[in-house]
Amino acid sequence: MGRPLADAHVELRSVNLVWREGSPRAEHEWRGRTRRGYGIATSSDGQFALDVPVPTSDVVILGVEADEYHDTHRRTFGDAGAQNARRLGEGDHRLGDIVLALKACVSGRVVDPTGAPLPNVSVAVGKSKPMSEARDSTDAAGRFRIERAPLGKRLVWAERSGYLTSAPLEVELVAGAAIEGVELALRRGQTIEGVVVDEGGQPLSRVRVLASPIHGGNSATARSSTDGAFELALSEDAPHRMEIEHAGYDAYGGNGSDEVLEPGSRGVRLVLRRALQFEFRVVDAKTDAAITRFGLRAADAPDSNSRWSSTWEPSAIRDAPGGALTIYADPAKHWIHCEAPGHAPHEGPIAADEPGGTRQTLRLGQAGRVRGRAPCNAQPTVRLERQRIQRSNGVDFDLSPFLGRVREATGAFDGSFEVGDLASGTYCLDVLCADKATTRFE
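Residues numbered from 1 in each chain as written. Predicted model: local features only at pLDDT ≥ 70, side-chain atom pairs only at ≥ 80, totals over all residues. Heavy atoms only, no water.

Student: Outline the sheet that holds strand 25 (residues 324–328), listing residues and values.
Tutor: With mixed pairing, three strands are arranged side by side in an open sheet as 25-22-28. Where the open sheet ends on each side, the last strands, each with one partner, are strand 25 and strand 28 (359–364). Neighbouring strand axes in the sheet, compared pairwise and without regard to direction, differ in orientation by 30° on average. With six bridges connecting them, strand 22 (residues 277–284) and strand 28 associate as parallel partners. If you follow Arg-281 over to strand 28, its bridge partner there is Thr-361. (Pairing = 2+ DSSP bridges. Helix = DSSP H or I, 4+ residues; strand = E, 2+ residues; numbered from the N terminus. Axes fitted to C-alpha atoms, helices over the stretch in contact; angles between N-to-C directions.)

Quick look at the structure:
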């Protein structure tokens, strides 16, 4: 059994800043700073009791923090997901023992090749670069102190924009102990310089240029100036792959590109091609009447060799006078996503109404919904996935572009749930409750 932790800080705060409607904002002091919410320190036997008004906020958070050698604890109450506890109501809420795991500390300084201290350097601890488990930044004297660091054999390294990432130092971190006097050295990295232009050779300003080392590590970014010029300060001494995403232009480079640049490259010329514009007219499938309020976006087409597993991402609903919107979309690269209130969403390839045209009519059918109630003592999580819905000569045909897409929703505390805006078809329904096994329906 662990020992009680005295003088640990315990606080309750609401996510939306308002604990209870009509009441003053709750604040408390801790370590000389004003913090929002209600707070208290644990007694010598590690116990605490917070006497607070019943919150009207949907979600409140309990946080516990002791010294730098112990991990923190966080627990949420309310409508933020099935993994959380029920909302806080009247009466006592006994939480039992809260265990804070033991951690370690690492401290030292970062210098340049002359021994001068380097401020604003990020120092990390982790099993391998660049996946850090704890971090701190150096002060004006180059000093750092990483608190609540993980235990066991770990690497410590330093990184700062414009400098090469330091060679990692291996340390053995012991519970409740500190490793002090660590010194890390950084030296200036090389750069990649060039210009961003359009197909006509005109410079493009405010373009974000990303350079990623081909074997992994820290990327470098820069924005082009008014004359299109950019300078990337590299943190890795390795070939880099360039990548650009800029509104109104096709994506440049990225993981699929074979073009790489060596550190120190000069006079690089990155040419962006204007993206295709496509007009989409959205109508009711039954009446052919224009739908004047809908969400529309073009996204990368799915890989034809794999089944989709990602969840449906809703589009922002906006007004569309005349039922038409023009956006950047490329039929060779994108699928179109469209949804309108009261109608079943559409997702599928971009196909012009006329050969060689740049206009497509999307016909949306009326939407259906699924309602129900789960026999559980917490908010259920509902997952809906559309299935194959037609057979011909013993062969399944996928009639839905949503095959493999998952719609998710969180139900109410009484177990009721509802998922709307569904296309017609057969669905697989999973109901997940924290206190019961998953229930599946078709």
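Now that the structure has been shown, we can carry on.
Student: For the sheet that holds strand 13 (residues 178–185), give the residues involved together with the corresponding values.
Tutor: A sheet is described by the order of its strands in space; here three strands give the open sequence 10-7-13, paired in mixed fashion. Because the sheet does not close on itself, it has two edges, and the strands there are strand 10 (143–149) and strand 13. Along the sheet, successive strands turn relative to each other by an average axial angle of 25°, direction set aside. By the bridge criterion, six bridges tie strand 7 (residues 104–111) to strand 13 in an arrangement that is parallel. Of the residues in strand 13, the one forming a bridge with Val-110 is Leu-184.

Student: Describe the confidence of the model for the protein, and please don't skip the residues or the numbers.
Tutor: With 87% of its residues at a pLDDT of 70 or more, the protein shows a mean pLDDT of 84. Within the model, the stretch residues 306–310 combines pLDDT values under 50 with 14 contacts to residues more than four positions away or in other chains. Long-range and interchain partners of residues 388–404, a stretch whose pLDDT sits below 50, account for 33 contacts in this model, where long-range means more than four residues apart. (pLDDT = per-residue confidence, 0-100. Contact = heavy atoms within 4.5 Å.)

Student: Now, about unusual backbone geometry: what can you tell me, with residues and values included?
Tutor: Most peptide bonds are trans, and most residues other than glycine sit at a negative phi. One non-glycine residue with positive phi stands out, namely Asn-120, at about 55°. Residue placement: Asn-120 occurs in the loop between strand 7 and strand 8 (122–126). The backbone of Arg-206 shows a phi angle near 60°, a positive value even though the residue is not glycine. Position of Arg-206 among the secondary structure elements: in the loop between strand 14 (191–198) and strand 15 (208–213). In this structure Arg-206 comes out as exposed when scored by relative accessible area, which is 56%. (Buried < 20%, exposed > 50% of the residue type's maximum accessible area, 1.4 Å probe, protein only.)

Student: Any details on the packing of aromatic side chains? Residues and values, ideally.
Tutor: Geometrically, a pair of aromatic rings is defined through the distance of the ring centres and the angle of the planes. Evaluated as defined, the whole model comprises two aromatic pairs. Relative to Tyr-38, the ring of Trp-19 has its centre 5.2 Å away and its plane inclined at 75°; by these criteria the two rings are edge-to-face. Here the residue Trp-19 occupies a position in the loop between strand 1 (9–14) and strand 2 (27–30), and Tyr-38 occupies one in strand 4 (residues 38–41), the gap between them amounting to 19 residues. Where Phe-278 meets Phe-280, the ring centres are 5.4 Å apart and the plane angle is 35°; that geometry is what we call tilted. This pair shows no difference in class: Phe-278 is buried, exactly as Phe-280 is. (Phe/Tyr/Trp six-rings, centres within 6.5 Å; stacked < 30°, edge-to-face > 60°.)

Student: Outline the side chain of Thr-361, listing residues and values.
Tutor: As for its position among the elements, Thr-361 is in strand 28. On the basis of relative accessible area, Thr-361 is assigned to the buried category, the value being 16%. Sequence-distant contacts of Thr-361, defined by excluding residues within four places in its chain, comprise Arg-281, Val-283 and Asp-353.

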